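Here are the chains, one letter per residue:
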Amino acid sequence: MPHATPRGPRRLAFGGDYNPEQWSEEVWAEDVALMREAGVNLVSLGIFSWARLEPREGEYDFGWLDRVIELLHEGGIRIDLATPTVVPPAWFYRAHPEALPVSRDGTRWAFGSRGAICHSSPAYQEAAARITRALGERYGEHPAVVMWHVHNEYGVPVLECYCDISAADFRRWLAERYGTVDALNSAWGTAFWGQLYGDWEEIQPPRLTPTVANPAQRLDFARFASDSALANFGRERDLLRELSPNAPVTTNFMVSPTQCDTIDYWAWGREVDLVTNDHYLVAEEPRNHINLSMAADLSRSVGGGRPWLLLEHSTSGVNWQRRGIAKRPGEMARNTLAHVARGSEGGMFFQWRASRAGAEKFHSAMLPHAGTDSRIWREVVRLGADLDRLAEVWGSRTVADAAVVWDWQSWWAQKLEWRPSEELDTRERAEAYYAALFDRHLTVDFVPPEGELAAYPLVVVPALYLATAAAGENLRRYVAGGGTLVVSYFSGIVDEHDAVHPGAHPGALREVLGLTVEEFQPLHAGRSVRLTGPDRAELTAERWAETVLLDGAEPAWRYADGPAAGGPAVTRHQLGEGTAWYVSAHLGRDDLDAVLAAASADAGLPEHDPLPRDLEVVRRRGERGDYLFAINHADAEAALELTAPGEELLTGERVTGKLAVPAGEVRVVRVDR
Amino acid sequence: MPHATPRGPRRLAFGGDYNPEQWSEEVWAEDVALMREAGVNLVSLGIFSWARLEPREGEYDFGWLDRVIELLHEGGIRIDLATPTVVPPAWFYRAHPEALPVSRDGTRWAFGSRGAICHSSPAYQEAAARITRALGERYGEHPAVVMWHVHNEYGVPVLECYCDISAADFRRWLAERYGTVDALNSAWGTAFWGQLYGDWEEIQPPRLTPTVANPAQRLDFARFASDSALANFGRERDLLRELSPNAPVTTNFMVSPTQCDTIDYWAWGREVDLVTNDHYLVAEEPRNHINLSMAADLSRSVGGGRPWLLLEHSTSGVNWQRRGIAKRPGEMARNTLAHVARGSEGGMFFQWRASRAGAEKFHSAMLPHAGTDSRIWREVVRLGADLDRLAEVWGSRTVADAAVVWDWQSWWAQKLEWRPSEELDTRERAEAYYAALFDRHLTVDFVPPEGELAAYPLVVVPALYLATAAAGENLRRYVAGGGTLVVSYFSGIVDEHDAVHPGAHPGALREVLGLTVEEFQPLHAGRSVRLTGPDRAELTAERWAETVLLDGAEPAWRYADGPAAGGPAVTRHQLGEGTAWYVSAHLGRDDLDAVLAAASADAGLPEHDPLPRDLEVVRRRGERGDYLFAINHADAEAALELTAPGEELLTGERVTGKLAVPAGEVRVVRVDR
Amino acid sequence: MPHATPRGPRRLAFGGDYNPEQWSEEVWAEDVALMREAGVNLVSLGIFSWARLEPREGEYDFGWLDRVIELLHEGGIRIDLATPTVVPPAWFYRAHPEALPVSRDGTRWAFGSRGAICHSSPAYQEAAARITRALGERYGEHPAVVMWHVHNEYGVPVLECYCDISAADFRRWLAERYGTVDALNSAWGTAFWGQLYGDWEEIQPPRLTPTVANPAQRLDFARFASDSALANFGRERDLLRELSPNAPVTTNFMVSPTQCDTIDYWAWGREVDLVTNDHYLVAEEPRNHINLSMAADLSRSVGGGRPWLLLEHSTSGVNWQRRGIAKRPGEMARNTLAHVARGSEGGMFFQWRASRAGAEKFHSAMLPHAGTDSRIWREVVRLGADLDRLAEVWGSRTVADAAVVWDWQSWWAQKLEWRPSEELDTRERAEAYYAALFDRHLTVDFVPPEGELAAYPLVVVPALYLATAAAGENLRRYVAGGGTLVVSYFSGIVDEHDAVHPGAHPGALREVLGLTVEEFQPLHAGRSVRLTGPDRAELTAERWAETVLLDGAEPAWRYADGPAAGGPAVTRHQLGEGTAWYVSAHLGRDDLDAVLAAASADAGLPEHDPLPRDLEVVRRRGERGDYLFAINHADAEAALELTAPGEELLTGERVTGKLAVPAGEVRVVRVDR
């Protein structure tokens, strides 16, 4: 895919959501003046404006938007224009109450917040197409409109709808997927608990049942929900491509698994012209910059490695978290530039000016309630200037050292009830392995289970409960071809229908790993087991262990006690040209390092870099050279040895040898070729 | 307002809820005999009797009630006669299932407990008026009926109803409040998240939404709910005033914020002839007598300082608390007399005789299951005699030393979702400041934000998130005129529509406090910050800090560490003739004392009294003198110095100089003028 | 009642649930071969097969079942044939959505798990009768069908249905119980909170109310729910008795209070030909074999002491628990043989072969996913052989040392809201006293409150909140006749309508205990009180204490501190020929031992046996002698002294004097007469 970006100059985007309809027109002029002062060059406009634009069905009021667009355009500020389809007007719901979504227990959500949409509703689909067409026709060729922002954050706050309209749509989707009811019965394993269907009309969404519902039914419904929203996105995108052929069409993702768990971004990444992402720091989490980096790497990966754009983050505290912890001085800039390091072509915020009313009035903004005499405003202005200094990184591409296999559908499947332990947690494992790789200063690409792996010296599978036979074969081929693979426990267990692969666990991965799992050994709450390995290195596991039977693999660590005492715990399998490691126990983030060190050696990765732990170092490769981003998250100065001299872009200084990065600061060096 | 009380002799009321319909008629005679033994002189009758009085629509059976009333009258026991409108009969709901209330998520509550009423239901309103009229006509002139007890505990267990009838009523209420839909859009800030309304009919109650609903909509719905119940109270009151002009009309409040959070008692206090209140000790809370005193002070305050009447409390344990901890010997009398000290004209209980059946059979009573050979009964008899000894305090008025600003609507607003920290807690702050004042032995009046303050040397605002510009001006005028004000953090933030006041926080209070808040600094869970102040006094804050910019105020304490390190934490602003203190941090109850000591000095209040901490001392001022109540909550004897000699009313002894109060006992001295 | 068992040879049953419809026919032959290898002699078949047997209403497909039955029959494997009425087909629900049950808050459960049935639905009742008749007609005389398995686990996952059909059925049930509405009003105490009914049609199930519903209404609805399911069982049973007169009819109970809390098994035990039970180990609980033994004793007791059959347990971990902890080596056999020791005529499992799909694919099975090269399979094969070696215990009867009074209805009543403390917990007390008796190596029969007690030297009443006057008299007569009774607190409080017995607590037991309880003294969370008794023995109580007034009883332990300090805590009452102990405090399991030791001495039970704590010893009495089961749950060898020589059946060895039981092993000795 080509590198689609907002139309306009090759510079990093800077700005935020702009909601002028919350303010009187006098304020608009001040807004544009202050935007210019801060270096804002792009705003997202009109996200929640449907009721203002179409106050009654089919009657439009574009005057105010015309004026805002002209003001911005005159100010040199480009526009990411939204279709406002995330909040249909009140009149729409009065006419179509059936378009409000229904929860799993049968409650119909009400109008009055946002995103209350049954994506299967024909009435909604028609109304959304109508306002999209009207906007496309009016502004499709406007020079200030450089990108289209369809809808907003599909998937949150609610995606699934269990109403009868959705039920019919689900049946249609199933009929397309399975062809016959018999095929569905087989795929869903309905022989279990006597759930055989005889007719499509008998099938319903997995509404609330007195005990656990059929897991395959639930998994398919999750797929259907993601697909039905994607179809709506596609409808709007196609209209806009027709009416505004020069501006890329996007919708803002929330790829971080801490933020959205209902969208299959692998599928969605293929459908947008440019990946854009919203990321919010988990304010109370220690070292929360790691979660940020993971989100950034995911954003780049779902776009196939292309540059992307951070469309929302926050200047400071966020009021929908338990405690809206304010960012420390410098933290906002570190956050923004970490996204840029990992491929974002800029940094945008929610939102430009803090709202006086509504649900998010205590959400930080570029222009806070306190006004311009404030730390936040001063840091915003500085950040705008810094991004300008970095203009030349535009178009360069982040360089990855390793790959992590991640799959939304497998996560959905694993989260269903009645797994062998409630402490199984796909997201937690992905984050733990990601953090261990981060602490080894390895930059990571994410890859889907059947994706291309050959380019990576090291591939890590933190938790892949659902793995098709094809995914298993993909991993086998990768190893046989010389790759180094690390697989964590409870991976390769079920097929795409949540059915256990025939034979012993892990069905899809027995061959590549050279072993079988005789029995899962979930541990008692609070208990741990010890693992002993090479050089008497001892590790500790909690939550999970396994009884492993070797079939080609060799033990690297063994259980020293617990229910699998004496048996293999971490194994290594030489297969063809490569090596496959298996970690059968739940190791903490730090203990994972020992395993990853051993695997990294197999992979030929350089010895663990003697970099300070909280100095994040990432490279973007561009036409003029490599851009080395060094982000110091610590409270003390840190330094790293440059492989070649270069120019530091933020200070303009020439750097040779050691690059010093002051506490809390960022340095970006264009390393000489 | 005049001092309305139950008709009859000027003596303190003593008795309880009496539910004779639960017992056969033989028991009634025993009841009256035992009531006389205990000194009971008032009972609340007929609260749950609707189905007995009107067994079928329009058919009445008053015979049994006639007999009960005669029995009581003959026994010299006065009657607080109830309208039984809190529980309509089963036949009513069979005919009008739509009168059952609907919860926010759409569940219609069922008949079978109590208080399941849609206050907007015309059917309910008509039926309630009919039974009220029937009772008023029959008993309005009966000499034993000395007060009317409308309904029961409006507001609990449920007040809000989200049904379609309520929705129409809500629209009517909104139309009256706002006039036009445009005005409502502006007030509610519907531009945020695209919630603009075009027609009244589009507006609904704030039913369950997939994420946070419009906060102004929710706040108005809370106001509407309180108002709609108040309208029903008013309908019954007006009927009774017409039919029974000589008996005051009341309804029993639950003013303590620990007990009811849905009624705006400032508005309700104006509508009753006499404030009556129900208070239940939070049995497991340490020093729970402080909460009791706060409830008593609130009861007096919502009646504008007039004497009031404690209509329900408990003799011992309460079965709807997690653990029905029994009262210790003497505790019941201390409780009752603390209410009397703070203005109650007596002490009534739920209930006279413990029920054998139903939901509250394990609730303590005046006559327990164990009968008269029991600690409880012996203490009840003693209390009846003690209240007789205190008859002369009737009509005297409690003397307050300071005022606390409290507002139900501000509390409702602050409790809505997505505030800057989930640890913000209006009620907690009010209780903490109240406790700190209590421990300084200051008796407190509560005042609404726009209420009259000039009479108080010290005014404390513990948490007033919502403060109108008029309230801000009221406080400013108070200080400028010589008052001493203490304001705690997160006050003055929003206007009556939950919209942030323009400009920096705290919009309504910037001028009086002489500062702005640049940024809120909610603290991480479990973390604390230190404050250093005059004479190196060090305080500790948790949960909340702020970055404060001074604009006239001076720092008294500064943050020694944490996110606002070095900045002002507690400030003092001299304005006109007075002083305004601001406490930007969450201090514990004990640390608040340091700030209140400094402010008290400004206010010219006497130095912290060297009274024992758990000796509660309150004065009532009467025609014959001041009545000094000394309640010893401790396990050891305590003493206080009398300013003048006097007569101790419970022992009949003459006291001069030191008044000794034995452990757990109460003394009431009429101090000589 | 006669000893009904599955038809066929007098041997212990061994096998499991068999669900061939989940597998292709090729697998069936392998199944039968492996069953024979393992010694399987009985399988439960067809539990979830309705949709396979009746794919469209009235159209049957028995061919596959014929083939399975023939295969099993040829293999010598007997069949416990199920009526599949626990999961009606999808077509049934499409035609009869009203047969899906409705929760208390009005949510209608959906199809897609299991057991979603409104037991009052005529449509369901007709459809269930039809498939039952069809199966009975076809297989009623088949020689392989040796038992009928009606439905599955009545009572879980849901029993109560609050729909309008159920409401009408409930009214019918009430009319039968009470005759007149007035009688119901009196029984339910509807005078409280004004809930008087005037007409049957006004009465509803106790749907969700804004606060606590009428407890008598809730209790009756729980009874009705158990009865309505029992009526459905009876309908199927009567059909099968008619069509298959030689095979006993059962339904698998879940008598353990940890597993099902909605069925009154005293009533149900009378209606089955043979009690069968499902028991699942609470995997994470320490010493969980005690809970198992309690379930086994309950199973025997609800069948009146007759042998019974363990119809389901697990070979290893269970996936619906929080953590599916795998069984340790030998644990499965100990579990099975403990059931046999306590009267089970065999040991059956859920399920034969692990499912690949559905909700329970991670539930252990006899044939695990890992196949036959696995610890589980090897232990299954060994267990089959061991049960063969024990064939002669068939028909012998377990010998009990003491009785525990247990009542489901009392438990239901106590669990309702607003008891004097939320920490009151009937189940916990029953388990605690059972464990204390277990640790004294006493085998226990359970008895209903009005059941026959004379045969037991010791009777324990751990928690019997609801006790009729007749139950009180039953206990009084038992003591007066020479028995030794131990009663724990909060027993004998209410009658069958949840109404407090007139007078002081404990109304039904004042006479037998020789005391009254003046006041309950629930303790503050986390606080404890000390008890001092004979020889300065000190005990500690938490949660609960009482103020006790003696009226014939004598204090054995007194409260040393706390709210009842100085008063009696544990009392002893000599009455007629016997003794009644009362324990007014909540003692931990270990402290209970002191009281039980004293009571055991009164009962003339032998001194506390010097047996190792975790050596479980139980006797079955047969025609050829006593079978002494010794189950060593500890990790070290244990031994016990035999009273007479005998033959150890599992090893075939002759044993005299000391019987050594290796760590984790079981020994079964036929002791010589």
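Above this text you will find the structure in question.
Just so it is clear, the model here is predicted, and its values are computed rather than measured.

> What exactly am I supposed to notice about the sheet that holds strand β25 (residues 646–648) of chain B here?
The pairing of strands in a sheet happens through backbone hydrogen bonds and is either parallel or antiparallel. What the six strands build is an open sheet, ordered β10-β22-β23-β28-β25-β26 (chain B); its pairing is antiparallel. Two strands close off the open sheet at either side, each with one partner strand: β10 (397–398) and β26 (654–655) of chain B.

> When you look at the interface of chain C and chain B in this model, what are you seeing that I'm missing?
How large an interface is tends to be reported as the accessible area lost when its parts come together. At the junction of the two partners, chain C supplies 50 residues and chain B supplies 43 residues. Together chain C and chain B conceal approximately 4,200 Å² of surface at their shared face, both sides included; 61% is due to carbon and sulfur atoms. When the buried area of chain C at its contact with chain B is split by residue, F192(C), W193(C) and P210(C) rank highest and sum to 18% of it. Counting every contact that joins chain C to chain B gives six salt bridges. Ionic pairing is found between R375(B) and E519(C), a salt bridge with its closest N-O pair at 3.0 Å. Inspection of the chain C/chain B interface yields 15 residue pairs in polar contact (both at pLDDT 80 or more). Counting only elements with at least two residues in the side of chain C that touches chain B, the list comes to α8 (215–243) and β15 (515–522) of chain C. Top contributing element to the side of chain C that touches chain B by residue count: β15(C), with five residues.

> Teacher, can you tell me more about the relation of the copies chain A and chain C here?
Each of the two chain copies can be brought onto the other by rotation about an axis and movement along it. Overlaying chain A with chain C gives an RMSD of 0.1 Å, the required rotation being 120 degrees about an axis along which the chain moves by 0.0 Å. This pairing of chains is accounted for by a three-fold axis. Taking C-alpha positions as reference, the residue of chain A nearest the rotation axis is T107(A), located at 5.1 Å.

> Is there a simple way to think about the interface of chain A and chain C in this case?
If you look at the interface, chain A gives 50 residues, while chain C gives 45 residues. Summed over both partners, the interface of chain A with chain C comes to about 4,200 Å²; 61% of that surface belongs to carbon and sulfur atoms. When the area that chain A buries against chain C is broken down by residue, the three leading residues are F192(A), W193(A) and W418(A), summing to 18%. Our count for the chain A to chain C interface comes out at six salt bridges. R356(C) is the salt-bridge partner of D495(A), the closest N and O atoms lying 3.7 Å from each other. Linking chain A with chain C are 15 residue pairs in polar contact (both at pLDDT 80 or more).

> How do you make sense of the environment of W50(A) when you look at a structure like this?
Residues and elements named next belong to chain A. In this fold, W50 is placed in helix α2 (residues 50–53). Between the alpha carbons of W50 and C161 there is a distance of 22 Å; along the sequence they are 111 residues apart. Discounting residues that sit within four places of it in the chain, W50 has contacts with P84, T85, V87, P88, P89, W91, Y124, A127, A128 and I131.

> Would you take a moment to explain helix α7 (residues 181–188) of chain C for this structure?
Residues and elements named next belong to chain C. V181, L184, N185, A187 and W188 are the residues of α7 that are buried. The arc enclosing the buried residues of α7, seen along the axis, measures out at 165 degrees, which places them on a common side. Within α7, the exposed residues directed more than 90 degrees away from the buried face are D182 and S186. Looking one or two residues past α7, G189 carries a phi angle of roughly 60 degrees, positive in sign.

> Whenever I open this one, the sheet that holds strand β8 (residues 308–312) of chain A confuses me. Can you help?
Residues and elements named next belong to chain A. Read from one edge to the other, the open sheet built from nine strands follows the order β5-β4-β3-β2-β1-β9-β8-β7-β6, with strand pairing classed as parallel. The open sheet has two edge strands, β5 (249–250) and β6 (252–253), and neither has a second partner. As paired strands, strand β2 (residues 42–45) and strand β3 (residues 78–83) are joined by four bridges and run parallel to one another. Note that in β3 the partner of V43 across the bridge is I79. Relative to the sheet, helix α10 (residues 289–302) contacts β6, β7 (276–278) and β8, its axis offset from that of β8 by approximately 130 degrees.

What counts and how
Residues numbered from 1 in each chain as written. Chains lettered and ligands numbered in written order. Predicted model: local features only at pLDDT ≥ 70, side-chain atom pairs only at ≥ 80, totals over all residues. Heavy atoms only, no water. Pairing = 2+ DSSP bridges. Helix = DSSP H or I, 4+ residues; strand = E, 2+ residues; numbered from the N terminus. Contact = heavy atoms within 4.5 Å. Buried area = accessible area lost by both parts, 1.4 Å probe. Salt bridge = Lys/Arg side-chain N within 4 Å of Asp/Glu carboxyl O. Polar contact = N/O pair within 3.5 Å; in protein donor to acceptor, adjacent residues only side chain to side chain. Least-squares fit on C-alpha atoms with pLDDT ≥ 70 in both. Buried < 20%, exposed > 50% of the residue type's maximum accessible area, 1.4 Å probe, protein only. Arc of directions from axis to C-beta. Axes fitted to C-alpha atoms, helices over the stretch in contact; angles between N-to-C directions.

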